[in-house]
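If you want the building blocks of each chain, they are given just below.
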Amino acid sequence: MDVPFQSIENSTAATKKAKKRTKSAGEELNVKNPKQSKNNPRTDSKPAKFTKSTKKFDPPNPNGAKSKKLISKPDDKGAKNQWKPTEKVEDWKKFKKEKQELKVKRVKARTKDNFDRIQQAKKMGERVRLKTLKEEDRNKIINQLHSLLKGNYCKFVLAHDTARIVQSLLKYASKIVVQQISQELIPIATSMLQSKYGIYCIKRLLKYGDDDIRSSVIEQMKGYTVKLASHVVSAPVVEFAFSNYATPTQKQFLTQEFYGDLYKNSKDANVKHIRDVYRDNENMKIATLSACKANIKKVLNKALLDSGLVQVVLSQYLEECSVNDRAELITELVPHIVVISNSKEGSKAAMQCIWHGTAKDKKVIMKSLKEHLIELAKHEFGHRTVICLLDSVDDTVLLHKIILTEILSKAKDLAVSEYGRKVLLWLVAATESTIFHPQFIKELTSGKETSSSKKPAETRRNEILQYSCNSLLNLVIEDTKFWLSNGSLALEMAAIIKAGSGDILKETLSKVVETILQPDWKIRDTDKEVIGIEDAGIHMTLKKLAQHDKVALEQGKATFGATLVDALSSDILTSWLKVNRGCFLLVAVWENSDDTVQGKLKLLLQPHLSLLKKQKTSGANILLKKM
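The structure presented is a predicted model; accordingly, all values stated were derived computationally and were not measured. (Residues numbered from 1 in each chain as written. Predicted model: local features only at pLDDT ≥ 70, side-chain atom pairs only at ≥ 80, totals over all residues. Heavy atoms only, no water.)

1. Observations regarding the overall build of the protein
- Helices and strands together make up the secondary structure of the protein, namely 36 helices and four strands.
- If you take every contact in the protein between residues at least 6 apart in sequence, the share linking residues at least 24 apart comes to 66%.
- Total accessible area on the protein is roughly 36100 Å²; 51% of this is exposed by carbon and sulfur atoms. (Helix = DSSP H or I, 4+ residues; strand = E, 2+ residues; numbered from the N terminus. Contact = heavy atoms within 4.5 Å. Areas by Shrake-Rupley, 256 points an atom, 1.4 Å probe, with all protein chains shown as cover.)

Here it is as structure tokens:
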């Protein structure tokens, strides 16, 4: 049967369209289900209806060059669309040689006429750094190297390879050579401070140069202080120079540049604080504070607050700015409270943030401190921030949860630290003038008068004492010998005992008495051991405990004297009467106890009167008179 031509044509077209649809559907299916590939077959046994062609594809090569064999590697999505050449370089030595020649060619283009000089200097610089090199040979090489580089140091200090050579020269060279090098480098000190390689040469000039060189380097910073303090590369070096080598006058002049452009090129020896700028002209106050705020923001935006210079400016600005400006700045500073607490002026700024911050700000401060609390509490200036926090936060429940718990868990670690013990003692003896400097107490008192705290100070301190006192007394009970191992720890223990009350106080005093009455109880004093009762620091502490008995009796608390007299044995009493400080301790107990305790002590001493009369010490004579 003949089929019309039109039908055949239509059938052929339909077949082509069906094939096209089949191909498209197959590709679409493969894209939607990339895991269904050769390496990841379908889970069912029925073969796929549409499969992608496995015919290899050779990419076109219009240049007529030999085609490279390519392999496909699945990408992260599973599609095979990444091509990699499999052809290997046959002659690696030739390839490396060409790469090295290209590198040398680029260096020559960069260094121009100095290429040979730099290569020679590098070899000599490597020898200078050798630790096994003799001093005579090193000096000889240094002189040759200096002669080679003289007049070109300005070009070499800004490059990574040659800057190391200059650093070695500044470290090992004589003062004369360092002086000659500095004469070339100091004029470009500002550029070096902003170079990530030049800053190391500046640090070497400050470290190994004499006072004239250091002063000249710092003088070059004038006029650019704000720019350098807010530059990521130069800021650490500016801080290094300011904190370690700048004179008081230089520190004053560098600080002035933050007050505004007025002091960028001219300095005033009478301006030591930001308030001195507008002391005689109140109209300048707004403009000065606005300029200072803008300069602080430049530093704050780059989080470069770990600088004594910046912290001085912060402290002064927070004292003088308006309430709104202070609140705005405190909100930005609270996450950085740990960083700004590493200097005296920085701790003042941190204390301003605590005093004038909102409850939310104080919560952020406590959370940011928690991770670094112990290290900060043991810091020379950081402990001031921690004490201010303990003295100013109204929410003592949150304070106990975040801060006090951490302090109490590391109490023994803090107790052996010079500054950590002050944080510990603030919990039980806040504002005690015999422990804390009166100026510091005055500073805290004046700060609280203008702070945002609403709870009375006495109420806050009593709440903190309730949270901490029993925990500290338990530490004394658990390891009494630790707290009686030296005079400093013993004084801390005495402060804790004075703050205690109730049955736990009785138990603590019993443990203390039990320890000091042990016949073999000795204290190591430098290279030798002495009987515990004869140690000066321990003796002073025990006397303070006995003297506190008068206050304890008025408060109805257990007393040290009564506990000691009840536990004294005849043997221990005999050994104590032979020691001057032992007699004086018994005198202190007698003078500060009630009649009952005095009667018991007199009965104990009666059998030993003959021994007491034989002693020629002043303590024995006084005790005998009391009898």
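2. What to know about the nonpolar core
- Residues Leu-390, Ile-407, Phe-560 and Trp-576 are the most contacted members of the largest nonpolar core, which totals 168 residues.
- With eight residues, the top contributor of residues to this core is helix H27 (residues 487-499).
- Apart from the residues lying within four places of it in its own chain, the contact partners of Phe-560 are Leu-509, Val-512, Val-513, Ile-516, Leu-542, Leu-545, Ala-546, Asp-549 and Leu-585. (Core = buried A, V, L, I, M, F, W, Y, C linked by side-chain atoms within 4.5 Å. Buried < 20%, exposed > 50% of the residue type's maximum accessible area, 1.4 Å probe, protein only.)

3. Structural notes on the environment of Leu-424
- Along the chain, the position of Leu-424 falls in helix H23 (residues 420-428).
- For the pair Leu-424 and Ala-411, spaced 13 residues apart in sequence, the C-alpha separation works out to 7.0 Å.
- Here Leu-424 is in contact with Ile-407, Ala-411, Ala-415, Leu-472, Trp-483 and Glu-492, once residues within four sequence places are set aside.

4. What about a positive patch on the surface?
- A contiguous patch of positive charge, built from Lys-131, Lys-171, Lys-203 and Lys-207, is present on the exposed surface.
- With respect to the helices and strands, Lys-203 occurs in helix H9 (residues 198-208). (Patch = residues over 30% accessible without salt bridge, like charges linked within 9 Å, V, L, I, M, F, W, Y side chains within 5 Å. Salt bridge = Lys/Arg side-chain N within 4 Å of Asp/Glu carboxyl O. Lys, Arg positive; Asp, Glu negative; His and termini not counted. Charge placed at Lys NZ, Arg CZ, Asp CG, Glu CD.)

5. A word on the pattern of salt bridges
- For the structure shown, the criterion picks out 23 salt bridges.
- Of the charged contacts, one joins Lys-348 and Glu-345 as a salt bridge, the two residues approaching to 3.7 Å between their closest N and O atoms. Of this pair, Lys-348 and Glu-345 are both found in helix H17 (residues 344-356), three residues apart, which corresponds to roughly one turn of the helix.
- Looking at Lys-348, the relative accessible area reads 24%, which means it is partly exposed.

6. A few points about helix H25 (residues 457-478)
- For H25, which comprises 22 residues, the first-to-last C-alpha distance of 32 Å matches the rise-based estimate of 32 Å (1.5 Å per residue) to within 8%.
- Along H25, the helix axis deviates most sharply at Gln-466, where the bend reaches about 35°.
- Where H25 is concerned, the buried positions are Arg-460, Arg-461, Ile-464, Ser-468, Cys-469, Leu-472, Leu-473, Leu-475, Val-476 and Ile-477. (Expected span 1.5 Å × (residues − 1). Bend = angle between axes of the 7 residues up to and from the residue.)

7. Description of the packing of H23 against H25
- The geometry of H23 relative to H25 is characterised by a closest axis approach of 7 Å and an angle of 115° between their N-to-C directions. For the element pair H23 / H25, the angle class is roughly perpendicular. Taken together, the residues of H25 that come into contact with H23 (itself represented by Leu-424, Trp-426, Leu-427 and Val-428) are Arg-461, Ile-464, Leu-465, Ser-468 and Leu-472.
- Its residues placed into classes, the contact of H23 with H25 shows seven nonpolar, one polar and one charged. (Axes fitted to C-alpha atoms, helices over the stretch in contact; angles between N-to-C directions. Parallel < 35°, antiparallel > 145°, perpendicular 65-115°, else oblique. Nonpolar A, V, L, I, M, F, W, Y, C, P; charged D, E, K, R; others polar.)

8. So, the environment of Met-124
- On the secondary structure map, Met-124 appears in helix H3 (residues 115-128).
- Put simply, Met-124 and Ile-141 are 17 residues apart on the chain and 6.8 Å apart in space, counted from C-alpha to C-alpha.
- Excluding anything up to four places from it in sequence, Met-124 contacts Ile-141, Gln-144, Leu-145 and Leu-148.

9. Looking at unusual backbone geometry
- Positive phi outside glycine occurs at Ala-303, with the angle close to 55°.
- Tracing the backbone shows Ala-303 in the loop between helix H14 (285-301) and helix H15 (308-320).
- Of note in this structure, Thr-431 is not a glycine but carries a positive phi near 60°.
- One can find Thr-431 in the loop between H23 and helix H24 (438-449).

10. Some details on the packing of aromatic side chains
- For the coordinates displayed, the defined rule picks out five aromatic pairs.
- On the basis of an interplanar angle of 90° and a centroid distance of 6.4 Å, the ring pair of Tyr-259 and Tyr-263 is categorised as edge-to-face.
- Residue classification places Tyr-259 among the buried positions, given a relative accessible area of 4%.
- On the basis of relative accessibility, which here comes to 8%, the residue Tyr-263 falls in the buried class.
- Ring centres 4.9 Å apart and planes at 75° place the aromatic pair Trp-426 and Phe-436 in the edge-to-face group. With Trp-426 in helix H23 and Phe-436 in the loop between H23 and H24, the pair connects residues that are 10 residues apart, well separated along the chain. Each member of the pair, Trp-426 as well as Phe-436, carries the same accessibility label: buried.
- The rings of Trp-426, Phe-436 and Phe-440 are connected pair by pair, giving a single aromatic cluster.
- Here Lys-203 stacks its cationic end above the ring of Phe-240, 5.2 Å away from the centre of that ring.
- Sitting over the ring of Phe-242, Lys-251 keeps its end group 5.5 Å from the ring centre. (Phe/Tyr/Trp six-rings, centres within 6.5 Å; stacked < 30°, edge-to-face > 60°. Lys NZ or Arg CZ within 6 Å of the ring centre and 35° of its normal.)

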